[in-house]
Amino acid sequence: MPRSVNSVASRAKRKKILKQAKGYFGRRKNVYTVAKNAVEKGMLYSYRDRKNKKRTFRALWIQRINAGARQYGMSYSQFMGKVKANNIELNRKVLADLAMNNPEAFKAVVDQVK
């Protein structure tokens, strides 16, 4: 009995990897084995950095809230403690946006918690 190979699926698998490697430099874009490694590594980086993005944005929001709170003589931790104590339901993302783009609204929040 002749050997049966599924060349349609094999080619589709290779094409899929090479399509994902589009835009890579040198052999990474057109040699399957090199492209496969590069795409796999890229996928690992993207998975990892989707988690890191959340961390870095939270750190950025905290820095912006801290800078805004210090203009009114409070530290970040004092400000956030008073925000929680006064049951103000604004998260760090919104508070950071207010501190940066709408200082008068942020001042109103600071006055409310003082």
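Residues numbered from 1 in each chain as written. Predicted model: local features only at pLDDT ≥ 70, side-chain atom pairs only at ≥ 80, totals over all residues. Heavy atoms only, no water.

Caption draft 1: Layout of the packing of aromatic side chains. This structure, assessed with the given rule, holds 2 aromatic pairs. Where Phe57 meets Trp61, the ring centres are 6.1 Å apart and the plane angle is 45°; that geometry is what we call tilted. Of this pair, Phe57 and Trp61 are both found in helix 2 (residues 32-70), 4 residues apart, which corresponds to roughly one turn of the helix. With a relative accessible area of 39%, Phe57 lands in the partly exposed category. Between Phe79 and Phe106, the ring centres sit 5.3 Å apart and the planes meet at 45°, which makes this aromatic pair tilted. (Phe/Tyr/Trp six-rings, centres within 6.5 Å; stacked < 30°, edge-to-face > 60°. Helix = DSSP H or I, 4+ residues; strand = E, 2+ residues; numbered from the N terminus. Buried < 20%, exposed > 50% of the residue type's maximum accessible area, 1.4 Å probe, protein only.)

Caption draft 2: Quick look at the nonpolar core. Grouped together as the largest cluster of nonpolar side chains are 16 residues, with contacts concentrated most on Ile65, Phe79, Leu95 and Phe106. Every element with two or more residues in this core is listed here: helix 2, helix 3 (76-85), helix 4 (92-101) and helix 5 (103-113). If we ignore the near neighbours within four places in the chain, the residues touching Phe106 are Ile65, Gly68, Ala69, Tyr72, Phe79, Leu95, Leu98 and Ala99. (Core = buried A, V, L, I, M, F, W, Y, C linked by side-chain atoms within 4.5 Å. Contact = heavy atoms within 4.5 Å.)

Caption draft 3: Just the packing of helix 2 against helix 3, in detail. Interaxial distance between helix 2 and helix 3 falls to 8 Å at its minimum, and their mutual angle equals 95°. Overall, the two elements helix 2 and helix 3 adopt an arrangement that is roughly perpendicular. Residues Ile62, Ile65, Asn66 and Ala69 of helix 2 form the contact with helix 3, whose participating residues are Tyr76, Phe79 and Met80. Tallied by class, residues from the contact of helix 2 with helix 3 come to 6 nonpolar, 1 polar and no charged. (Axes fitted to C-alpha atoms, helices over the stretch in contact; angles between N-to-C directions. Parallel < 35°, antiparallel > 145°, perpendicular 65-115°, else oblique. Nonpolar A, V, L, I, M, F, W, Y, C, P; charged D, E, K, R; others polar.)

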